[in-house]
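# Commentary on secondary and tertiary structure
The chain contents come next:
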Amino acid sequence: SWSAGTSGPVRGKVVKEPETEEQLATTLSDVRGAWMLAKAPPPRGTLDATRQQRGDTVDELKQAIRKRLMEAGAFGFIAPVRNELVITGGARAWRELDLDKMSPEVNVRIRRSDYDYINSRLADGVPIEVEFSCACTLTRGPFPVYNTVAEIPGTTWPDQVVIVSAHLDSWDGPGSEGCTDNGSGTVVTLEAARILMAAGAKPKRTIRFIDWTGEEQGLLGSREYVKQHESELPGISAVLVDDGGTNPESGLPAAENMVPMLAAATAPVNGVFYSDTDKKFLNVNIRNTGNRIATHGASDHASFNKVGVPGFFWDEGGRADYNHTHHTQYDSLDAAIPEYLVQSSTCAAITAYNLACADSLLPREPKPEPKPDADKPKPPASAP
């Protein structure tokens, strides 16, 4: 194990972090039991000219100074985020980190408004103290994690499958409860299963409900599922992923040859769920995106698209601001919008059931047409 900080709150004065050897010499005697206030990053879209000119030497100098500060008894370093959203997530290349070479340096990120207040008071000569609960422990893995799977067996083609899914894991940031990423998708998946069971549904194909694990760490659960179930992939009709927050399931991007079947599967939802707040029906729109499913690779549907199985990330349009909660301290239960989750659960259940009872599997994306012979390199002329 590696650990930094202590099990309880750490309180100390705030001192501005020195950026040069000269500043370090005048600061070093004052850093024991202090939190070092780092310089704020430049505004987004601008360049730090000094950093550009000096290149990697800036980072080397900064690390050398920080090492001296920690040796002198500094608690750690305080840096701001760019706005009021404290974004949580993994450090770059975190899976390549060597646990035996981890620095004991503690870094705390705070809201920009809090940083600006502290920085301004220090500039006015006002003493500032802060307190952080900063216990941090990294334990050597690997750790076993699991997908959660349940299904309603098909009556006619049980080996053919429609998957309804979301991911169970979430970032445990300050104040975050993982509600919109992805507690909302998880409960939609569970409720879709409950609805179909309560209705006594007997789908012709198996409907499988999956809450993936390890999505935030690189789609680990869905990627491993694809690997372990390779022989079953030709029988998977579609994979539906709800990972866009608490807004209603409002559409799907689809290849042109998939549009008619998906439009028929989602049609019963339209004109049913009226929002008194939004003053409109919460309908579903199937978007024709050409020869391919024009989507992104940032959720579990991508693991299936990569191997040619139609994977869909639900469009979700509504009054919730997903960017305000996504990976932030605001992703808590009060962000959930019940009427949207009711629509999404019912939509997922109806869509899956209709696809499971369709006459055929959902079409795959058409294979790219081979290039005409004119585009092929001509063989060299034979010698006379």
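Located above this text is the structure these notes cover.
Just so you know, the residues in each chain are numbered from 1, in the order the chain's sequence is written. Since the coordinates come from a predicted model, pLDDT governs what is reported: local features require at least 70, and pairs of side-chain atoms require 80 or more to be given and counted, while whole-chain, interface and lining totals use all residues. For side-chain calculations, the full set of non-hydrogen atoms in the structure is used, while hydrogens and water are omitted.

## Section: the sheet that holds strand β17 (residues 315–316)
So the rule is basically this: Paired strands, in this sense, are two strands between which DSSP finds at least two bridges. The secondary structure listing takes helices from DSSP runs of H or I that are at least 4 residues long and strands from runs of E that are at least 2 residues long, numbered from the N terminus. Contacts were defined at the residue level, with two residues in contact if any of their heavy atoms lie within 4.5 Å. A fitted line through C-alpha atoms represents every axis, and for helices the fit uses only the stretch in contact; the resulting angles, taken between N-to-C directions, go from 0 to 180 degrees.
Pairing within the open sheet is mixed, and its 3 strands lie in the order β15-β12-β17. Every other strand in the sheet has two partners, leaving β15 (285–288) and β17 as the edge strands with one partner each. Two elements, strand β12 (residues 249–254) and β15, share 4 bridges in a ladder whose sense is parallel. Of the residues in β15, the one forming a bridge with P253 is R287. Of the strands in this sheet, β12 and β15 are in contact with helix α7 (residues 259–266), which crosses β15 at around 170 degrees.

## Quick notes on the sheet that holds strand β6 (residues 129–133)
On the basis of which strands lie adjacent, the open sheet formed by 5 strands has the order β5-β4-β3-β2-β6 and mixed pairing. Bordering the open sheet on either side are β5 (107–110) and β6, each of which pairs with just one other strand. Neighbour-to-neighbour, the strand axes of this sheet turn through a mean angle of 40 degrees, independent of strand direction. Two elements, strand β3 (residues 34–37) and strand β4 (residues 76–80), share 3 bridges in a ladder whose sense is parallel. Pairing of M36 across the sheet is with F77, part of β4.

## Here's the deal with helix α6 (residues 220–228)
Under the convention used in this document: Three labels apply to residues, based on accessible area from a 1.4 Å probe with only protein chains included: buried if under 20% of the type maximum, exposed if over 50%, partly exposed otherwise in between. The directions considered for the arc are those from the helix axis to the C-beta atoms.
G221, S222, Y225 and V226 are the residues of α6 that are buried. Along the axis of α6, the buried positions cluster into a sector of 135 degrees, meaning they face one direction only. When the buried face of α6 is taken as reference, the exposed residues oriented beyond 90 degrees from it are K227 and Q228. At its buried positions, α6 is contacted by β9 (157–167), β10 (205–212) and α8 (301–305).

## With respect to unusual backbone geometry
Here the residue pair G141 and P142 is connected by a cis peptide bond, since its omega of 5 degrees sits within 30 degrees of zero. Omega for the bond connecting D181 with N182 falls within 30 degrees of zero, at 5 degrees, which places this linkage in the cis form. Note on placement: N182 falls in helix α5 (residues 179–198). In this structure, L219 is a non-glycine residue whose phi angle is positive, near 55 degrees. Tracing the backbone through its elements, the reader meets L219 in the loop between β10 and α6. In the Ramachandran plot, H327 falls in the positive-phi region, its phi being about 60 degrees despite a non-glycine side chain. With respect to the helices and strands, H327 occurs in the loop between α9 (322–325) and α10 (338–356).

## With respect to the packing of α7 against α10
Test applied: Any angle that is under 35 degrees is reported as roughly parallel, and any over 145 degrees as roughly antiparallel; angles of 65 to 115 degrees are reported as roughly perpendicular and all others as oblique. Crossing handedness: left-handed means the near helix sits turned counterclockwise from the far one by under a right angle, and right-handed means the same turn made clockwise. Residues are grouped as follows: nonpolar covers Ala, Val, Leu, Ile, Met, Phe, Trp, Tyr, Cys and Pro; charged covers Asp, Glu, Lys and Arg; every other residue, Gly included, is treated as polar.
At a closest axis distance of 8 Å, the pairing of α7 and α10 adopts a crossing angle of 125 degrees. The orientation of α7 with respect to α10, classified from their angle, is oblique. With respect to the hand of their crossing, α7 and α10 are arranged in right-handed fashion. Across from M261, L262, A264, A265 and T266 in α7, the residues of α10 making contact are I350, T351, N354 and L355. Tallied by class, the residues present in the contact of α7 with α10 amount to 6 nonpolar, 3 polar and no charged.

## Details of the packing of aromatic side chains
Operational definition: Aromatic rings from Phe, Tyr and Trp, with only the six-membered ring used for Trp, were paired whenever their centres fell within 6.5 Å, and each pair was classed as stacked if the ring planes differed by under 30 degrees, edge-to-face if by over 60, and tilted otherwise. A ring is scored as having a charge over it whenever the NZ atom of a lysine or the CZ atom of an arginine sits within 6 Å of its centre and within 35 degrees of its normal.
A full pass over the atoms with the stated rule returns 6 aromatic pairs. Ring plane angle 80 degrees and centroid distance 5.0 Å describe the contact between W35 and F132, whose orientation is recorded as edge-to-face. With W35 in strand β3 and F132 in strand β6, this residue pair connects regions lying 97 residues apart in the sequence. Overall, W35 belongs to the buried group, its relative accessible area being 0%. F132 gets classed as buried once you look at its relative accessible area, which sits at 15%. Aromatic ring contacts, followed pair by pair, group W35, F75 and F132 into a single cluster. Over the ring of F77 we find R66, and its NZ or CZ is 3.9 Å from the ring centre.

## Re the layout of surface pockets
Counted only if it meets this: Cavity: a set of points on a 1 Å grid over the protein atoms alone where a 1.4 Å probe fits but cannot get out. Pocket: an open set with protein on both sides within 12 Å along at least five of seven lines, its lining residues, like those of a cavity, having an atom within 4 Å of a point. Grid points are joined across faces, edges and corners, and a volume is the space filled by probe spheres set on the points.
Quantified by volume, the second largest pocket comes out at close to 220 Å³. Residue lining of the second largest pocket: V145, Y146, N147, T213, L220, G221, R223, E224, Y225, Q228 and H229, and that is the complete set.

## Comments concerning the pattern of salt bridges
This is how the line gets drawn: Within this document, salt bridges are pairs made up of a side-chain nitrogen of Lys or Arg and a carboxyl oxygen of Asp or Glu, the two lying within 4 Å of each other.
With the rule as written, the count across this model stands at 18 salt bridges. Note that R66 is salt-bridged to E17, the shortest N-O span being 2.9 Å. Linking R66 in helix α3 (residues 57–71) with E17 in the loop between β2 (9–16) and α1 (21–27), this pair joins segments that are 49 residues apart in sequence. Here R66 and E17 have matching classes, each one buried. Between D114 and R111 there is a salt bridge, with the nearest N and O atoms lying 3.1 Å from each other. Judged by its relative accessible area of 30%, R111 is partly exposed. In this structure, a network of salt bridges that share partners links the residues R11, E129 and E131.

## Topic: the nonpolar core
What counts is decided by this rule: For the purposes of this section, nonpolar cores are sets of buried Ala, Val, Leu, Ile, Met, Phe, Trp, Tyr and Cys residues that join through side-chain atoms within 4.5 Å.
Judged by nonpolar contacts, the single largest core of 39 residues is most densely connected at F209, M258, L262, F312, L355 and L362. Among the elements of the structure, β9, α5, β10, β11 (236–241), β12, α7 and α10 are those that each provide at least two residues to this core. Top contributing element to this core by residue count: α10, with 8 residues. Excluding its chain neighbours within four sequence positions, the residues that come into contact with M258 are I293, P310, F312, L362, P363, R364 and E365. Core analysis: the next-biggest nonpolar cluster, separate from the first, contains 16 residues, A40, V106, I118 and I128 among them.

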